[in-house]
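Here is what each chain is made of, one letter per residue.
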Amino acid sequence: EPEVTQTPSHQVTQMGQEVILRCVPISNHLYFYWYRQILGQKVEFLVSFYNNEISEKSEIFDDQFSVERPDGSNFTLKIRSTKLEDSAMYFCASSEYLEDEQYFGPGTRLTVT
Amino acid sequence: EDQVTQSPEALRLQEGESSSLNCSYTVSGLRGLFWYRQDPGKGPEFLFTLYSAGEEKEKERLKATLTKKESFLHITAPKPEDSATYLCAVRPLNNFNKFYFGSGTKLNVKP
């Protein structure tokens, strides 16, 4: 069964460093998303991406964040100059069509020290 | 402001003891309500999509229903392996691009 994959599973970084979180969405899916979940809190929408463009972003997704689809299979989230409060689980999701359910990856746990 | 509220926050059941989880929402028009299961340290796993009031979906011991203001996830004769956090998410009519998630109900089924 096709699934969304994410790497790394755990990333530890120092405050101020840049990190890139990687995702491989399901191959025939066209819509891609990033969410984050701070420990014990709700899953929060960050950004949606379609046709090589951001289609929607939340107020959390400021200039510190960027997304890219560098090739036909990968979808990345870059966080520049990480802060302590960026520590969270980051989930990638994808869907075939806009109105479909979203399928989530296993997540990357980001720890900023 | 769009809101999704789930109750109870936590639920402990004996194996075989049926119950229901609630998801109430206030969005400016609903374009889909989604139920997910999340195990500790894992990503949400898709269970059901509901689009209109009166709709029902079933899968094994789980049944999801939808009204105009809330959805229920009914668990019939649960087993310990049903223990997980159950998340509800809504997609508002005026913004197809994002999901709003509730805080989840943490279900613990004891043998």
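The structure under discussion appears in the preceding block.
Residues numbered from 1 in each chain as written. Chains lettered and ligands numbered in written order. Predicted model: local features only at pLDDT ≥ 70, side-chain atom pairs only at ≥ 80, totals over all residues. Heavy atoms only, no water.

(A) Structural detail: the pattern of salt bridges. This structure, assessed with the given rule, holds 6 salt bridges over all chains. Note that A:Glu44 and A:Arg36 form a salt bridge whose closest N and O atoms lie 3.1 Å from each other. Judged by its relative accessible area of 24%, A:Glu44 is partly exposed. Salt-bridge contacts for B:Glu55 lead to B:Lys57; the nearest nitrogen and oxygen are separated by 3.5 Å. On the accessibility criterion, B:Glu55 (19% relative accessible area) is buried. For B:Lys57, a relative accessible area of 31% puts it in the partly exposed group. (Salt bridge = Lys/Arg side-chain N within 4 Å of Asp/Glu carboxyl O. Buried < 20%, exposed > 50% of the residue type's maximum accessible area, 1.4 Å probe, protein only.)

(B) Structural context of the nonpolar core. Ranked by internal contacts, the top residues of the largest apolar core, which has 24 residues, are B:Leu33, B:Trp35, B:Leu73 and B:Tyr86. Secondary structure elements with two or more residues in this core: strand S2 (10-14), strand S3 (19-26), strand S4 (30-38), strand S5 (45-50), strand S7 (62-66), strand S8 (70-75), strand S9 (84-92) and strand S11 (105-110) of chain B. Considering each element in turn, this core owes the most residues, 4 residues, to S9(B). Residues within four places of B:Leu33 in sequence aside, it is in contact with B:Cys23, B:Tyr25, B:Phe48, B:Thr49, B:Leu50, B:Leu66, B:Ser71, B:Cys88, B:Ala89 and B:Val90. Within the second largest apolar cluster, 22 residues are counted, among which are A:Val4, A:Leu21, A:Ile79 and A:Cys92. (Core = buried A, V, L, I, M, F, W, Y, C linked by side-chain atoms within 4.5 Å. Helix = DSSP H or I, 4+ residues; strand = E, 2+ residues; numbered from the N terminus. Contact = heavy atoms within 4.5 Å.)

(C) Spotlight on the state of the cysteines. Residues and elements named next belong to chain B. Scanning the model with the defined rule gives 2 disulfides over all chains in all. Cys23 shares a disulfide with Cys88; S-S distance 1.9 Å. As the torsion about the S-S bond is roughly -55°, the Cys23-Cys88 disulfide counts as left-handed. One end of the pair, Cys23, is in strand S3; the other, Cys88, is in strand S9, and 65 residues separate them in sequence. A single burial state applies to Cys23 and to Cys88, both of which are buried. (Disulfide = S-S within 2.5 Å.)

All quantities given are derived from atomic positions and should not be read as evidence of function.
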